[in-house]
Amino acid sequence: PGSGAGGPASPGPCSTLPCWQAVGSRGGRQLPCSFLRRVPSACPPAAPVPAGIEELCQKREELCRQIQQEEDEKQRLQNEVRQLTEKLARVNENLARKIASRNEFDRTIAETEAAYLKILESSQTLLSVLKREAGNLTKATASEQKSGGKDS
């Protein structure tokens, strides 16, 4: 049974026996579960290790190995989550910039379209005035020619 926080393990029942010694570190750090090994020189000559204790210690060692594997996997997954969180933040920043640019394009297009429609409307008005004035000039010229022809 370890502390669960990655610190040194509290000694298990096997480590309290004189024949067992806690060993184990990985890369200079204490393992959460200390593995136990039998130290024959520490055993009293007439003290054979009961099979039940040997079996329990082996089960404990296997459990310690599994705990270490899962803690390694947990660390790997936490690193992946951190990397993905950073990547998500970058994507969100890029997305926000692109959305702002798109909104600026939309505003510019709308203003340009409105100005174009005003120009189109003004040119239609100008064309109507031009046609009306051309008609008036044609009528005036025709009446001048009729009245000018009668005076001769």
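Note that the coordinates shown come from a computational prediction; the quantities given were computed from them, not determined experimentally. (Residues numbered from 1 in each chain as written. Predicted model: local features only at pLDDT ≥ 70, side-chain atom pairs only at ≥ 80, totals over all residues. Heavy atoms only, no water.)

**Section: the overall build of the protein chain**
Moving on, step 1. Along the protein chain, the regular secondary structure elements total one helix and two strands.
Moving on, step 2. Across the 152 residues of the protein chain, 12% fall into the buried class.
Moving on, step 3. Counted over contacts in the protein chain with a minimum sequence separation of 6, partners at least 24 positions apart contribute 51%.
Moving on, step 4. Surface accessibility of the protein chain: about 11,900 Å² in total, with carbon and sulfur atoms responsible for 60%. (Helix = DSSP H or I, 4+ residues; strand = E, 2+ residues; numbered from the N terminus. Buried < 20%, exposed > 50% of the residue type's maximum accessible area, 1.4 Å probe, protein only. Contact = heavy atoms within 4.5 Å. Areas by Shrake-Rupley, 256 points an atom, 1.4 Å probe, with all protein chains shown as cover.)

**Digging into the confidence of the model for the protein chain**
Moving on, step 1. Here the protein chain shows a mean pLDDT of 79. Residues at 70 or above account for 65%.
Moving on, step 2. When mean pLDDT is compared element by element in the protein chain, helix 1 (residues 51–151) scores highest at 92, while strand 2 (residues 29–38) scores lowest at 52.
Moving on, step 3. Low pLDDT, under 50, characterises residues 1–13; the predicted model gives this stretch 20 contacts beyond four residues in sequence or across chains. (pLDDT = per-residue confidence, 0-100.)

**Details of a nonpolar patch on the surface**
Moving on, step 1. A surface patch of nonpolar side chains, amounting to about 300 Å² of accessible area, comprises Tyr 116, Leu 117 and Leu 120.
Moving on, step 2. The residue Tyr 116 is located in helix 1 in this model. (Patch = residues over 30% accessible without salt bridge, like charges linked within 9 Å, V, L, I, M, F, W, Y side chains within 5 Å. Salt bridge = Lys/Arg side-chain N within 4 Å of Asp/Glu carboxyl O.)

**Focus: the pattern of salt bridges**
Moving on, step 1. The final tally for this structure, using the stated rule, is seven salt bridges.
Moving on, step 2. Of the charged contacts, one joins Lys 59 and Glu 55 as a salt bridge, the two residues approaching to 3.3 Å between their closest N and O atoms. Taken together, the residues span about one helical turn, with Lys 59 and Glu 55 both in helix 1 at a distance of four residues.
Moving on, step 3. Take Glu 55: its relative accessible area is 44%, and that puts it in the partly exposed class.
Moving on, step 4. Its salt-bridge partner being Glu 80, residue Arg 76 comes within 2.1 Å of it at the nearest N-O pair. Here Arg 76 and its partner Glu 80 are both found in helix 1, four residues apart, which amounts to about one turn of the helix.
Moving on, step 5. Under the relative-accessibility criterion, Glu 80 is labelled partly exposed at 34%.
Moving on, step 6. One salt-bridge network, held together by shared partners, links Glu 73, Arg 76 and Glu 80.

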